[in-house]
Every structure is written in structure tokens, then in C-alpha cells.
Amino acid sequence: MDDISNTEQAIELLQGLGLKEYEAKAFVALTRLPQATAKEISDISEVPRTRVYDAVRVLESKGLVEIQHANPQQFRAVGIDEAAETLRVEYEAKTDTLRDRLKEIEPAPGETGAESTHEVWALTGRTAIGNRTKQLLGEADDEVVLILGSEAVATESLLEALAEAGRRGATLIVGTVSEPLRDRVESTVPEAEVFVSGLEWLHGSIPNDDTEITRILLVDRSTILVSTAHDDDTSNGGEQAVFGRGFDNGLVTIVRRLMATGLLPVEDPGIS
């Protein structure tokens, strides 16, 4: 990746973390120099010189830039690791505050917030689906059955959430599509019973179908999440999931019985 692409991506990421365009450009410029004047920052950042001072003052207030009050003034960026940590803490603090404010908003009149046990909902994006998976693992009381159809979804945070469910006393049954992934889960989550799945339809054996089943999660036999992705799409938005609750929810019942055909430890109590 060339320097121009790196610079553009860094500026976009900084803007995503709350910096305005000129602030992001000025900061990236300063990371390329040991120290600089406003004119030097303007020359390599395309920020008008008259706007550099405003941008740098904001960066200083955020702890990202140091100022030497000489004539002319000199500016320098803090270390990259220090800057990244400062932005991470600020971003997390804002996220925490947002969560608190949203929880304090009262429901609209007449809305109970109750979720029907016969509804099925869709969710898109690997990050969002991963977060929902961890949330559901956090709700597990008795049993978790998790099929990992892709190495990419077996993140450290997901495996830690799985291990935490086991520490709370939930039985953990994990199927994987490969032996290396099985070995990794076994070493990370020793509480789990882990095996290479016998579900043939999980492996994409249908001709002309490049859809990959990335994860199947069954929590306490009454909550289900199934996600898929296309083999040629590894982007964050490439994964899609459906989600449902309720022991008699149609989706839950179907998937529970399908899993029982290939997972011997799991028996559907609805089957006599």
C-alpha cells in the first residue's frame, strides 16, 4: 500500500474517531515531522495556514499535540502509541456515555418492549453479529451449543465469552469444521466438549452454492442465531444472521432438530 493510500486512510480513520478534516490532516502531517511550524504543517497537509492554528489548538486540548511557545511557534505530535491510546479512551468514554443516555430514554407511550417468541429478526455485519453472539453467550444458564463454520468468527473475545459461560456452570458443546480450529478451541476453552462437526451441510457441499455457514449458536435450547457469508466476501458487512427466541419458535425448533441429527450429545426434547 503506497504512502498516499496510508495517509488518506489515516485521515478517514481519525475523522471516524471524531476529528474534523483539518484536525485530522494536521495531525497526520505532524506524525511525519519531528516538529513543525504552522507554515510547514500547511505545506504538507493542504490545510490553509490560517486554519492550522485552530486545528492544532483542538489537537492540543485532546492531548494529541505539544506546543513550544517560541517564535515562530513549534508543534509536534505525541507518540503514535500514546495518541492511539488517548483516542481509544476518549472513544470508549463517549460510547459509555451514549449507552447510559440511551438507557435513560423512556419508551414511547404504549410500547412495552416485549419480544414475541415467534418472531425472527435479521442482523448484518460481522462486528454486530459477533457482539450479539457474545451477548447471547452472556445469557446462557444451562447449555451452549456452538458450531463454528469459519475460523474468522472464532475471535479471542468470542472464545472468552464462551469460557465465561462455562465458568458460570453452562455445559459447552462446540463443533468446528476443521481439526486446527478444534485444537484451538480446546486449548482456549478447556471447559468445552469440542469436536469436528459431522454436519455435512455445514461444509458447503451443495453445487453452485458459495454460501458459507459461519456460525450456529443455540443457547439453553430456546435461543438461536445462524449466520452466513459468501466465500468471496470477507468484509465486515459480508456476514448476515437470523435470530429468534422461544422454545417453540419455528426457527429454533428447526435448527435444534437439524443439529440433533449431527450432534449426538444434543437431543431435542420435543422428539419422542
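It should be noted that the structure appears before, not after, this text.
Residues numbered from 1 in each chain as written. Predicted model: local features only at pLDDT ≥ 70, side-chain atom pairs only at ≥ 80, totals over all residues. Heavy atoms only, no water.

Undergrad: Would you explain the sheet that holds strand E8 (residues 223-230) in this entry?
TA: In spatial order, the strands read E3-E9-E8-E7-E4-E5-E6; together these 7 strands make up an open sheet with mixed pairing. Because the sheet does not close on itself, it has two edges, and the strands there are strand E3 (120-124) and strand E6 (193-196). Across the sheet, the axes of successive neighbouring strands diverge by a mean angle of 15°, strand direction being ignored. Strand direction decides the pairing type here: strand E5 (residues 171-176) and E6, joined by 4 bridges, are parallel. Note on E6: the bridge partner recorded for Gly175 is Phe195. The strands touched by helix H7 (residues 156-167) are strand E4 (143-148), E5 and strand E7 (211-219); relative to E4, the strand with the most contacts, the crossing angle is about 155°. Of the strands in this sheet, E4, E5 and E6 are in contact with helix H8 (residues 179-188), which crosses E6 at around 175°. (Pairing = 2+ DSSP bridges. Helix = DSSP H or I, 4+ residues; strand = E, 2+ residues; numbered from the N terminus. Axes fitted to C-alpha atoms, helices over the stretch in contact; angles between N-to-C directions. Contact = heavy atoms within 4.5 Å.)

Undergrad: So what exactly am I meant to see when it comes to a nonpolar patch on the surface here?
TA: Judged by side-chain polarity, Leu98, Leu102 and Ile105 come together as a nonpolar surface patch covering roughly 310 Å² of accessible area. Looking at where Leu98 falls in the secondary structure, it is placed in helix H5 (residues 80-104). (Patch = residues over 30% accessible without salt bridge, like charges linked within 9 Å, V, L, I, M, F, W, Y side chains within 5 Å. Areas by Shrake-Rupley, 256 points an atom, 1.4 Å probe, with all protein chains shown as cover. Salt bridge = Lys/Arg side-chain N within 4 Å of Asp/Glu carboxyl O.)

Undergrad: Please clarify how the pattern of salt bridges should be interpreted in this entry.
TA: If charged atoms from side chains of opposite charge come close, those side chains can pair. A full pass over the atoms with the stated rule returns 18 salt bridges. For Glu90, the salt bridge identified is with Lys62, shortest N-O distance 2.9 Å. Linking Glu90 in helix H5 with Lys62 in the loop between helix H4 (49-61) and strand E1 (65-68), this pair joins segments that are 28 residues apart in sequence. Looking at Glu90, the relative accessible area reads 22%, which means it is partly exposed. Here Lys62 falls in the partly exposed class, since its relative accessible area comes to 23%. (Buried < 20%, exposed > 50% of the residue type's maximum accessible area, 1.4 Å probe, protein only.)

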